[in-house]
Amino acid sequence: MRKFPVLHAAKAAVATIVTAGLAVIGPTVAMAQLVPTLALSAKPEADDSPSRGIEAVPAIAPMAALSQAVYPPKPSWKEERLVQAETLYLEGYKLYQAGDRVGARKHFDDALDLVLNARSEPVNRSSFDKRFDELVQKIYRIDVDTLQGEKPKESEPSYDKAPIDDILSLTFPVDPKLKPKVREEVGATVSQLPLEASDAVLSFINYFSGDRGRRTLIAGLRRAGRYKPMISRILDEEGIPQEFIFLAQAESGFLPRAISYMAAGGMWQFIRETGAKYGLKNDGWVDERFDPEMATRAAARHLRDLYHEFGDWYLAIAAYNCGQGNVDRAVAKTGYADVWELRSRGTLPLETSNYVPIILAMTIMAKNPQNYGIETVIPEDPLLYDTVDNASLTSLTLVSDIIGRPVSELKELNPALLRDFAPPGYRLHIPRGSGQTLMAGLEMVPAERRASWRAHRAETGESLALLATRYRTNVAALRAANNMAEEEINPGALLVIPAAPQPVVTARAARTPVRGAVRPGTRPGVRSAVASRQPARRPAASQAAAKAPQKQVRKPAATVARGAARRPQG
């Protein structure tokens, strides 16, 4: 008699279920791989010996073939949209290069529409946001070039407002609670520049802790990332304390094309006379006050000279603002070579009296970010570029054609250029890694034609006839310019496009505000100061200082100059 009839019936039922499951799984799992993994069979046991017992029933082994099957994860709908958007951008950029602005604009709009609503999905936010921001930045740069409207070829260069102009003549209250906190921070902060927690410094710390001042401070700290490695290197080479990077933040917020109401320009806010003294050229083609690297070198040397003159960093900062002559006269009048004493006696221009505290306030806050809620500020990536020596007048459009980068990006790397041309002798900054490509492309264009000719990177399906129509030239001219025996174009080849020479207007002097004149919208009554012994960087606003007698300044004894105790040794 068959033993365990119930067990045999159960085994037969399990086998039936497994067989039905295989029919459902179908082609996804091979039958030959699945069946050996099952220890049950629908066939009755041949051996009914009672010695087998219940323990003799084999267990069901795990279905390894099912559990180990690997399938690539399906991309989220957000990722799919981003890929489609990037494809639309590439197609739009091709149309932009071909001169089809309407088509390019439509592709760019479609690309942005695809991804704008996708930002709300939480999956892979950091990766998505980075790629989204890169896409928007690329489209923005092209918009700046031409897509937002036609601009005259000889349009005036644009400038940014110097942020410091809004607060130099203002005063702010002192929060009594800040005093012990800031004094403790100053005592614990390592700084090459002496730090001090005076009431004036505390008042500006209070201002930069408020909504408006905080926005200004954070914006500068973010932009600082673009230039900090370069500035740090130059300050170190010139022997200047690293904290003077905050002088640039106070002056311009790291905006290379900042212009003050008194016509001081650039990241370090030089007036033309002082800039020229330190080798910054301004000839109508370029204004090297706007070149971040050259202006940083000039500012470091100017500060070093002022320190050698006064022997005190605070007085050097004050003279950087209002001119050495004004500080000399204030010291001679009071007998004190100390900024705080001169400030309390009202012998410095009001703007200069606030200038030193502003820089110290920014320095203290930036060195103690966790105490002011700015530790999470992420600096922008450093600007990386190659530099090539330009031998002849060259259009930025031609450079853009050769290296495949927008003109707006070239302008961002070359803020000293006042026109859309790089003059002979100019050291042109281009995106990192594109130097050899540019030099090879320029070799194909006659030097005297680089201001008017174009270049084009051929794509599959293009012909000389198509290019001739697009660039308003003819096939014969294209063949001659490129030494082509046949009309067939190899995809990827760089072709030069001959164009009729365009008259280039002779460079004229840069139209920056006239020194001493009151510009519309600025504070009334502000005029330039009289010439000091050295050209002033920023003209003083004090009429009293302008009327001070011109006489030889004799430094007071060290016992009177409280500032002498703060002088760095060596």
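Residue positions are given per chain, counted from 1 along the sequence in the order it is written. The predicted origin of the model limits local features to residues at a pLDDT of at least 70 and limits the giving and counting of side-chain atom pairs to 80 or more, whereas totals for whole chains, interfaces and linings rest on all residues. With hydrogens and water stripped out, all remaining heavy atoms of the structure feed into the side-chain values.

Let us now look at the overall build of the chain. Helix and strand assignments come from DSSP, with helices taken as H or I runs of at least 4 residues and strands as E runs of at least 2, each series counted from the N terminus. A count of helical and extended segments in the chain gives 22 helices and 8 strands. With a 1.4 Å probe rolled over the protein chains alone, any residue whose accessible area is under 20% of its type maximum counts as buried; one over 50% counts as exposed, and the rest are partly exposed. For the chain, with 570 residues in total, the buried portion stands at 44%. Counting contacts in the chain only where the partners sit at least 6 residues apart, residues at least 24 apart contribute 72% of the total. Whether two residues are in contact is decided by their heavy atoms, any of which lying within 4.5 Å being enough.

With that settled, the discussion passes to the side chain of Arg289. With respect to the helices and strands, the residue Arg289 is situated in the loop between helix H11 (272-277) and helix H12 (292-310). A polar side-chain atom of Arg289 sits 3.2 Å from the main-chain carbonyl oxygen of Ala263. Reaching out from Arg289, the side chain makes a polar contact with the side chain of Asp287 at a distance of 2.9 Å. Contacts described as polar in this section are N or O atom pairs within 3.5 Å, which, within protein, must combine one atom able to donate a hydrogen with one able to accept it, while residues neighboring in sequence count only if both atoms come from side chains.

Right, let's talk about the packing of helix H17 (residues 396-403) against helix H19 (residues 435-443) for a bit. Throughout, an axis means a line fitted to C-alpha atoms (over the contacting stretch in the case of helices), and angles, computed between N-to-C directions, take values from 0 to 180 degrees. Running from N to C, H17 and H19 point in directions that differ by 115 degrees, and their axes come no closer than 9 Å. For the element pair H17 and H19, the recorded crossing hand is right-handed. For the pair H17 and H19, the contacting residues are Leu398, Val399, Ile402 and Ile403 in the first and Thr437, Leu438, Gly441 and Leu442 in the second. Only Asp, Glu, Lys and Arg are considered charged, only Ala, Val, Leu, Ile, Met, Phe, Trp, Tyr, Cys and Pro nonpolar, and every remaining residue, Gly among them, polar. In terms of residue class, the contact of H17 with H19 is made up of 6 nonpolar, 2 polar and no charged. Crossing chirality is assigned from the near helix's rotation relative to the far helix, an anticlockwise turn below a right angle marking it left-handed and a clockwise turn marking it right-handed.

Next up on the list: the pairing of strand E8 (residues 494-497). Side chains Leu494 and Val496 of E8 all project onto a buried face; the interleaved residues Leu495 and Ile497 project onto the opposite face, where all are buried too. With 4 bridges joining them, strand E7 (residues 454-457) and E8 adopt antiparallel strand pairing. The partner of Ala455 across the bridge, within E8, is Val496. We call two strands paired when DSSP finds no fewer than two bridges between them.

Turning to the pattern of salt bridges, a few remarks are in order. A side-chain nitrogen of Lys or Arg and a carboxyl oxygen of Asp or Glu constitute a salt bridge if their distance falls within 4 Å. All chains considered together, the criterion is met by 18 salt bridges. Salt-bridge contacts for Asp386 lead to Arg432; the nearest nitrogen and oxygen are separated by 3.4 Å. With a gap of 46 residues between them, Asp386 in strand E3 (residues 385-389) and Arg432 in the loop between strand E6 (427-431) and H19 connect regions that are remote in the sequence.

So, on to the packing of aromatic side chains. Any two of the Phe, Tyr and Trp rings considered here, Trp counted by its six-membered ring, make a pair once their centres fall within 6.5 Å; the pair's planes then place it as stacked at under 30 degrees, edge-to-face at over 60, or tilted in between. All told, the structure shown has 7 aromatic pairs when counted by the stated rule. Ring centres of Tyr89 and Phe108 lie 5.7 Å apart, and the angle between their planes is 25 degrees; on these two criteria the pair is classed as stacked. Highlighted residues: Tyr89 in helix H4 (residues 77-97) and Phe108 in helix H5 (residues 101-116), separated in sequence by 19 residues. Like Phe108, Tyr89 is buried. Between the aromatic rings of Tyr207 and Phe208, the centroid separation amounts to 5.2 Å while the plane-to-plane angle is 65 degrees, which identifies the pairing as edge-to-face. Assessed through its relative accessible area of 1%, Phe208 is described here as buried. One aromatic cluster in this structure is built from Tyr89, Tyr93 and Phe108. The residue whose ring lies beneath Arg257 is Phe290, and the NZ or CZ to ring-centre distance is 5.1 Å. Distance and angle both matter: a charge sits over a ring if NZ of Lys or CZ of Arg is within 6 Å of the ring centre and within 35 degrees of the ring normal.

The phi torsion at Phe254 lies on the positive side, around 65 degrees, for a residue other than glycine. Looking at the element boundaries, Phe254 is found in the loop between helix H10 (245-252) and strand E2 (258-259). You will see that Gln269, though not glycine, has its phi angle at about 55 degrees, which is positive.

Another aspect to go through is the pairing of E3. Taking every second residue as pointing to the same face, the buried face of E3 carries Asp386 and Val388, while none of Tyr385, Thr387 and Asp389 on the other face is buried. Alignment of E3 against E6, held across 5 bridges, turns out to be antiparallel. Bridge pairing links Asp389 to Arg427 in E6.

Their axes nearest at 9 Å, the elements H10 and helix H16 (residues 350-367) cross at an angle of 120 degrees. As for how H10 packs across H16, the hand of that crossing is right-handed. Two secondary-structure elements touch here, H10 through Phe246, Leu247, Gln249, Ala250 and Glu251 and H16 through Tyr355, Ile358, Ile359, Met362, Thr363 and Ala366. Each residue belonging to the contact of H10 with H16 can be placed in one class, and the counts come to 8 nonpolar, 2 polar and 1 charged.

Residue placement: Ser353 occurs in helix H16. Using a relative accessible area of 6% as the deciding quantity, one classes Ser353 as buried.

A helix's residues, less one, multiplied by 1.5 Å, set its expected span. Here H12 spans 27 Å end to end across 19 residues, near enough to the 27 Å set by a 1.5 Å rise per residue. Buried within H12 are the following residues: Pro292, Ala295, Thr296, Ala298, Ala299, Ala300, His302, Leu303, Leu306, Tyr307 and Phe310. Where H12 is buried, its residues meet helix H9 (211-237), H10, H11, helix H13 (313-322) and helix H14 (324-334). Put simply, Asp291 is the residue that caps the front of H12, since its side-chain oxygen is 3.1 Å from the backbone nitrogen of Glu293. A positive backbone phi angle near 70 degrees is found at Gly311, which sits one or two residues after H12.

This paragraph deals with H17. Summarising burial for H17: 7 of the 8 residues are buried, a large majority. Between the side-chain oxygen at the start of H17 and the backbone nitrogen of Thr397 there is a gap of 3.0 Å, and the oxygen is on Ser395. Phi turns positive one or two residues past the end of H17, at Gly404, with a value near 70 degrees.

Here we come to the environment of Ile231. Considering the arrangement of structural elements, one finds Ile231 in helix H9. Along the chain, Ile231 and Ile245 lie 14 residues apart, while their C-alpha atoms are 6.9 Å from each other. When near neighbours in sequence (up to four residues on either side) are disregarded, Ile231 contacts Ile245, Phe254, Met267, Trp268 and Thr296.

The next thing to look at is the confidence of the model for the chain. Confidence in the prediction of the chain, expressed as mean pLDDT, is 76, and 65% of residues score 70 or more. pLDDT is a residue-level measure of predictor confidence that goes from 0 to 100. Confidence drops under a pLDDT of 50 for residues 21-69, and excluding neighbours within four residues, the segment shows 32 contacts in the predicted structure. Predicted confidence for residues 505-570 stays below pLDDT 50, and this span has 151 contacts to residues more than four positions away or in other chains.

Right, let's talk about the environment of Pro180 for a bit. With respect to the helices, strands and loops of the structure, Pro180 is situated in helix H7 (residues 178-188). Judged by its relative accessible area of 52%, Pro180 is exposed. A sequence separation of 17 residues divides Pro180 from Ala197, and the C-alpha atoms of the two residues are 9.3 Å apart.

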